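Architecture and fold: a report
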Amino acid sequence: MLTKAVMTSLCATRQAPVNVAARGIANIPAHEYHIRFDQRVGRKRPAQDVLDRFKRLNNGMWIHAHPGRHKLKYMKDETWQKTSLYYETCTKEQCEILDKLMTPYWLRQKHYPNDPYSAYHVRHNINSPRVDDRGNFVRERKKILMDDITSQRFFPDC
Amino acid sequence: MSAAQYARLVPKKYRSRTLPKIDRPWRPRVIAWAGPAAFYPNRFYEIDKWYKARIDKPEKLPEMHIIDPADHMKSLNELMKKPEIEPINIGFKKREEKVKAEKSEQDRAELERKSRHMQLRIDIDLLSVENLSVYRHFQVFDHLFGDNVFFENVQRLEVNYSDNVIHNGNILTASSTVTRPEVTIESVGNGKGFNTLFMVNLDGNGFEEKKNNGEMVQWVVSNIPDGESIEKGTEVIDYLQPLPFYGTGYHRVAFVLFRHSQPVDLKLDGSTLENRIHSISELYKSHENLLTPSAIRFFQTSYDNSVKTKLHSLGLKSPLYDYEYRPALKPDQREFPEKPQPFDLYLDMYRDSKEVEKEILEKRLSEIKLDNVEEPKWIDPDYVENKKKLPAWLHAKILERKGVGHGKYHNDVQ
């Protein structure tokens, strides 16, 4: 009579080896691309994956590392080795989606001591309107709403 | 919505006879399908209530280089070539060289043999080679008297600053030109006639208002009797050392000798630096009947500390000239760039240059060298550590500051 331990070990060897699938665009677990709500708190939970992979600058711009920069690195050229290390900007739509995946806490401005990103939290000389169609400020810095010419003259960065 | 929920929410009095069909929210599904722009008030452009009066100014593009289609087959040399006009000699006829005795066949053979065996020695100092091509190359005649004009050197003019003899365009340090040079003028008229010597800095005019008024005249001695020393002449403008300002490169300084039979009265004012600017071509034009150029020499100088001390002794400041580079062309800034951009480089491109300079200065001040501090041997001693820990852009910045961009953070501030 075989012992239970031997039985389990035999069973384990018979099973096909579990291949740990690389996490790609095709197999993102379903719970990660949804806005999740916490039943106990009754509020939205921020998507942890987004927090891990992206960074939000105080001006509303999201940045991320180049996806797949470690893939087949040895067969790619010098330029790619260099540029793949860049942290890239997101498009407007991506930024909006990512904002929706966050809670208001993460959309607030953050100020840290010795922040290496401190120079990039403010945008300079942007001509696009500072308010959306509902009159809300698009970029984060709170200011008095005034006409375009005056604001561009006295508040070039926002 | 179920019937039970409907019953719970709506009092009986207001209930409709049939259960109303209420859809599940379809907006999020459309947004998931078409993206967040699907329900913008206008899908094709954003309307903003506050900014109706804004006028987009047309983008000003830099002027392009225009190529004339008729000429585009020509080479650059052909395009740049000036039309050939025969240059005008404004001076004297070329002096006839004394022809030495004809060489015999034997002498020729001997010379040829020597030259073949690399034994033929020619003393350069004994040769009187008057080659004007150097002057043409440096455009000395063009900038003194106008285009297409030249004259021959017919009178021997020797100018030397102690040991430094002036030839055709040799380079002297500015400190060696502080005191006036010794000038020897050959006598050609058997005691008749006069010489007038000009010393002109062709590139010395640094005055914005007098930009086209002429050159800086350093020294004028007129009416030197033929065969006499230069002290016998009248000094119209006293000697001032050439002042090649900082950053203006090499200046051409020419000595021009004029020959005239009658004494000439040059009314030149050289009291201040600004008054020393005179146009030689205009001056020559006004005295054309009297003066004839007979000899020219020139040398080059560049900035030196002696220039600064001279300017300070005149009660002036030493100007610093610097090349003004065109700012780099950059695309219009987008709030959200369409294609992914490296965020640090993209945002740096549009940062205020003053703020960037301020940041650099702060970094410099925080790293000011003490006397007993030893610089690390390597650009980044914790390279491996930093490579793992820091984001690549930050690490690249550190490497740049210690490596390629070292000068930006460590060079002296002007």
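Criteria and cut-off values
Residues numbered from 1 in each chain as written. Chains lettered and ligands numbered in written order. Predicted model: local features only at pLDDT ≥ 70, side-chain atom pairs only at ≥ 80, totals over all residues. Helix = DSSP H or I, 4+ residues; strand = E, 2+ residues; numbered from the N terminus. Contact = placed C-beta atoms within 7 Å. Nonpolar A, V, L, I, M, F, W, Y, C, P; charged D, E, K, R; others polar. Buried ≥ 20, exposed ≤ 12 C-beta atoms within 10 Å, placed from the backbone. Pairing = 2+ DSSP bridges. Core = buried A, V, L, I, M, F, W, Y, C linked by C-beta atoms within 7 Å. Expected span 1.5 Å × (residues − 1). Axes fitted to C-alpha atoms, helices over the stretch in contact; angles between N-to-C directions.

Let us look at the environment of Phe-198 of chain B. Residues and elements named next belong to chain B. Within the secondary structure, Phe-198 is located in strand E7 (residues 194–201). As a C-alpha pair, Phe-198 and Val-221 span 23 residues in sequence and 6.7 Å in three-dimensional space. Those residues within four positions of Phe-198 in sequence are excluded, and the remaining contacts are Val-217, Val-220, Val-256 and Ile-280.

It is common to give the size of an interface as the accessible area lost on bringing the parts into contact. If you look at the interface, chain A gives 25 residues, while chain B gives 31 residues. Every element with two or more residues in the side of chain A that touches chain B is listed here: strand E5 (87–89) and helix H4 (92–100) of chain A. Here the side of chain A that touches chain B gets 5 residues from one element, more than from any other, and that element is H4 of chain A. Grouping the amino acids of the side of chain A that touches chain B by side-chain chemistry returns 13 nonpolar, 6 polar and 6 charged.

Let us look at the pairing of strand E12 (residues 292–302) of chain B. Residue and element names in this part refer to chain B. Counting buried residues in E12 gives 8 out of 11 residues, a clear majority hidden from the surface. Note that strand E10 (residues 251–260) and E12 share 9 bridges and pair antiparallel. What sits directly across from Phe-255, in E12, is Arg-297.

All right, on to the nonpolar core then. Membership of the largest hydrophobic core comes to 37 residues, with the highest contact counts inside it found for Leu-144, Leu-197, Phe-198, Val-200, Ala-254, Phe-255 and Val-256 of chain B. If we skip the residues at most four places from it in the chain, Phe-255 of chain B touches Leu-157, Val-159, Ile-166, Leu-197, Met-199, Ile-296, Arg-297 and Phe-298 of chain B. Grouped together as the second largest cluster of nonpolar side chains are 16 residues, Tyr-86, Cys-90, Leu-101 and Met-102 of chain A included.

Attention now goes to helix H4 (residues 105–116) of chain B. Residue and element names in this part refer to chain B. In a regular helix each residue adds 1.5 Å, so 12 residues correspond to 16 Å; H4 covers 16 Å between its end C-alpha atoms and thus fits that length. For H4, a buried count of 0 out of 12 residues is recorded, marking the element as mostly open to its surroundings. Phi turns positive one or two residues past the end of H4, at Met-118, with a value near 55 degrees.

Moving on to helix H10 (residues 353–366) of chain B. Compared with an ideal rise of 1.5 Å per residue, which puts 14 residues at 20 Å, H10 of chain B spans 20 Å between its outermost C-alpha atoms and is within 8% of the ideal. The buried fraction of H10 of chain B amounts to 0 of the 14 residues, a small share that puts the element mostly on the outside.

Our focus in this paragraph is the sheet that holds E5 of chain A. Residue and element names in this part refer to chain A. With antiparallel pairing, the 3 strands of this open sheet are ordered in space as E3-E4-E5. The sheet terminates laterally at strand E3 (54–56) and E5, the two strands that pair on one side only. Neighbour to neighbour, the strand axes of the sheet diverge by 30 degrees on average, direction disregarded. Taken together, the 3 bridges between E3 and strand E4 (residues 62–65) define a ladder with antiparallel strand orientation. The residue bridging Lys-55 from the neighbouring strand is Ile-63, located in E4.

In this section: the sheet that holds strand E6 (residues 182–185) of chain B. All names here are of chain B. Spatial ordering of the open sheet is given by E4-E3-E6, a layout of 3 strands whose pairing is antiparallel. If you trace the sheet from one side to the other, it starts and ends with strand E4 (164–165) and E6, each paired once. Here strand E3 (residues 157–161) pairs with E4 via 2 bridges, running antiparallel. Bridge pairing in E4 places Tyr-161 opposite Asn-164.

With that out of the way, let us pick up unusual backbone geometry. All names here are of chain B. Even without being glycine, Met-118 reaches a positive phi, approximately 55 degrees. Mapped onto the fold, Met-118 is located in the loop between H4 and helix H5 (133–137). Overall, the presence of 7 C-beta atoms within 10 Å leaves Met-118 in the exposed class. At Asn-190, a residue that is not glycine, the phi angle is positive and equals roughly 55 degrees. With respect to the element layout, Asn-190 can be found in the loop between E6 and E7. Given 8 C-beta atoms within a 10 Å radius, Asn-190 is considered exposed.

This paragraph deals with the environment of His-111 of chain A. All names here are of chain A. Assignment of secondary structure puts His-111 in the loop between helix H5 (104–107) and helix H6 (148–154). On the neighbour-count criterion, His-111 (8 C-beta atoms within 10 Å) is exposed. Measuring from C-alpha to C-alpha, the distance between His-111 and Asn-58 comes to 8.6 Å, with 53 residues separating the pair along the chain.

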